[in-house]
Amino acid sequence: MIVKRIIIALTLVLFCSGCASSPELTGEGAPIKKNPAKARAHLSLGAAHLRRGLTTPALKELLMAEKYNPKNADVQNHLGLAFMAKKRYPAAVAHLEQALALRKDFSDAHNNLGTVYLAMRRYPEALAEFNQALSDILYATPHFAHNNIGLVYFEQSLYGQAVAAFKKSIETAPSYSIAHNNLGRAYMVMGNYQEAAKAFEKATEYAPNYAIAYFKMAEAYLEMGQRKKARQALSQVIKIAPNTTLSESAQQRLNELPD
């Protein structure tokens, strides 16, 4: 389950509020007038915090950006991402819907809304949002949506359909390591360990510090009785992610392996 949440987490785009005519108030009671330039400045800082995983500082900046310009679709989209990171899913949905109300063809927001629905296990709605993003011929990152569609099927144990979606993501963006890793996960539960190992190898080829992919690779090797390769993969986990729960699990697996 931890791995699943991480992946769903690596699958994310790292990129309803009030009315502009009714000024918001600060904590001191001073009105804030609409100021698009200041909104963009707070948005830029909030987005940078989000990329670094600093969700609370990000949310603070993005809420300030919203006060300066509540009708900025990018602000609403990033607020959706920030609330999703905090697992405040209803708030995330509200802000992403606001982003889409402000910009009908906002494909990134459709993909992000689908990701929130996926986290909420609202699978039909998630699929609808991902497919809506893919319907946009100008959508710059369709591999995200294809990968997310794969996750919808994976979560429902529809592994054949998940494999097809992950492959489509890889076809669209061959170096997208998250889709390679997810493809490996699907093959693992299907018992196709050879193909799983190949997928994990591809994931680490494109992302050499992808610790969880090395861990899953080791599991595939062990299923095939290839202990030497499993040891090498587990050692990579410890090297890449020292002092983590994952590296502790890798060390435990190494200790349990017979010589």
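### Observations regarding the overall build of the chain
Here's step 1: Along the backbone of the chain there are 14 helices and two strands.
Here's step 2: For the chain, with 259 residues in total, the buried portion stands at 48%.
Here's step 3: Of the roughly 12800 Å² of accessible surface on the chain, a fraction of 54% belongs to carbon and sulfur atoms.

### A short note on the packing of aromatic side chains
Here's step 1: Under the criterion given, the structure shown has two aromatic pairs.
Here's step 2: Looking at Arg103, its charged tip hangs above the ring of Phe106, at a distance of 4.1 Å from the centre.

### Quick look at the side chain of His95
Here's step 1: Following the sequence through the fold, His95 ends up in helix α5 (residues 89-102).
Here's step 2: Within the local environment of His95, its side chain forms a polar contact with the side chain of Gln76, the two groups lying 2.7 Å apart.

### Looking at the environment of Ala73
Here's step 1: Mapped onto the secondary structure, Ala73 falls in helix α4 (residues 73-85).
Here's step 2: Separated by 33 residues in sequence, Ala73 and Phe106 have C-alpha atoms that sit 8.4 Å apart.
Here's step 3: Setting aside residues up to four positions removed in sequence, Ala73 forms contacts with Ala99, Leu102, Arg103 and Phe106.

### Some words on unusual backbone geometry
Here's step 1: For Lys87, which is not glycine, the phi torsion reads 65° and is therefore positive.
Here's step 2: Its place among the elements puts Lys87 in the loop between α4 and α5.
Here's step 3: Residue Arg121 is not a glycine yet carries a positive backbone phi of 65°.
Here's step 4: In this structure, Arg121 sits in the loop between α6 (107-119) and α7 (123-134).
Here's step 5: The class of Arg121 is exposed, set by a relative accessible area of 52%.

### Observations regarding the environment of Lys228
Here's step 1: Checked against the element boundaries, Lys228 lands in helix α13 (residues 227-240).
Here's step 2: The exposed category is assigned to Lys228, whose relative accessible area is 66%.
Here's step 3: Sequence-wise, Lys228 and Leu257 are 29 residues apart; in three dimensions their C-alpha atoms are separated by 9.8 Å.

### A word on α4
Here's step 1: For α4, which comprises 13 residues, the first-to-last C-alpha distance of 19 Å matches the rise-based estimate of 18 Å (1.5 Å per residue) to within 8%.
Here's step 2: For α4, the complete set of buried residues consists of Ala73, Val75, Gln76, Asn77, His78, Leu79, Gly80, Leu81, Ala82, Phe83 and Met84.
Here's step 3: Its buried side turned inward, α4 meets α2 (36-51), α3 (55-68), α5 and α6.
Here's step 4: The residue sitting at the N-terminus of α4 and contributing the capping side-chain oxygen is Asn72; that oxygen lies 2.8 Å from the backbone nitrogen of Asp74.
Here's step 5: Where α4 ends, the next residue or the one after it, Lys87, has phi of about 65°, a positive value.

### Concerning the nonpolar core
Here's step 1: Formed by 73 residues in total, the largest nonpolar core has its most connected members in Val116, Val152, Leu183, Tyr210 and Leu234.
Here's step 2: A total of eight residues in this core trace back to one element, the largest contributor, which is helix α12 (residues 211-223).
Here's step 3: Beyond its immediate sequence surroundings of up to four residues, Leu183 is in contact with Val163, Phe166, Lys167, Ile170 and Ala199.

### Some details on α3
Here's step 1: Over its 14 residues, α3 runs 20 Å from end to end, which matches the ideal 20 Å to within 8%, given 1.5 Å per residue.
Here's step 2: Within α3, the full set of buried residues consists of Ala58, Leu59, Glu61, Leu62, Ala65, Glu66 and Tyr68.

### Brief notes about the confidence of the model for the chain
Here's step 1: Averaged over every residue, the pLDDT of the chain is 90; the share at 70 or more is 88%.
Here's step 2: Residue range residues 1-11 is modelled with pLDDT below 50. Its contacts to residues more than four positions away, or to other chains, number 25 contacts.
Here's step 3: Across residues 13-29 the pLDDT falls below 50, and counting only partners more than four positions away or on other chains, this stretch makes 31 contacts in the model.

### Side note on the pattern of salt bridges
Here's step 1: As enumerated under the stated definition, the model contains seven salt bridges in all.
Here's step 2: Here Glu195 ties to Lys198 by a salt bridge, and the two come within 3.4 Å at their closest N and O atoms. Of this pair, Glu195 and Lys198 both sit in helix α11 (residues 193-206), three residues apart, which is roughly one turn of that helix.
Here's step 3: Given the relative accessible area of 41%, Lys198 is considered partly exposed.
Here's step 4: Put simply, Lys216 and Glu219 hold a salt bridge, and the shortest N to O gap is 2.9 Å. Here Lys216 and its partner Glu219 are both found in helix α12, three residues apart, which amounts to about one turn of the helix.
Here's step 5: Classification of Glu219 as buried rests on a relative accessible area of 19%.
Here's step 6: Each of Lys216, Glu219 and Arg253 takes part in a single network of salt bridges with overlapping partners.

Conventions adopted
- Each chain carries its own residue numbering, running from 1 in the direction its sequence is written.
- Residue-level local features of this predicted model are given only where pLDDT is at least 70; pairs of side-chain atoms are given and counted only at 80 or more, and the full residue set underlies all totals for whole chains, interfaces and linings.
- Values shown for side chains rest on all heavy atoms present in the structure; no hydrogens or waters enter the calculation.
- Put simply, DSSP marks the helices as runs of H or I at least four residues long and the strands as runs of E at least two long, and each gets a number from the N terminus on.
- Relative accessible area decides the class of each residue, using a 1.4 Å probe on protein chains only: under 20% of the type maximum gives buried, over 50% gives exposed, and in between gives partly exposed.
- Shrake-Rupley sampling with a 1.4 Å probe provides the accessible areas, and residues are treated as covered by the protein chains on show and by no other component.
- Pairing of aromatic rings covers Phe, Tyr and the six-membered ring of Trp, with a centre-to-centre limit of 6.5 Å; geometry is then stacked below 30 degrees between planes, edge-to-face above 60, and tilted otherwise.
- Placement of a charge over a ring requires the Lys NZ or Arg CZ to be within 6 Å of the ring centre, with the centre-to-atom vector within 35 degrees of the ring normal.
- Under the rule applied, a polar contact is a pair of N or O atoms within 3.5 Å (in protein, one hydrogen donor and one hydrogen acceptor; residues adjacent in sequence only if both atoms are side-chain atoms).
- By definition, residues are in contact when any of their heavy atoms lie within 4.5 Å.
- Helix span, as expected, comes to 1.5 Å for every residue beyond the first.
- Nonpolar core, defined: a set of buried Ala, Val, Leu, Ile, Met, Phe, Trp, Tyr and Cys residues in which side-chain atoms within 4.5 Å join the residues together.
- The quantity known as pLDDT measures the predictor's confidence residue by residue, on a range of 0 to 100.
- What makes a salt bridge here is a side-chain nitrogen of Lys or Arg within 4 Å of a carboxyl oxygen of Asp or Glu, nothing more.

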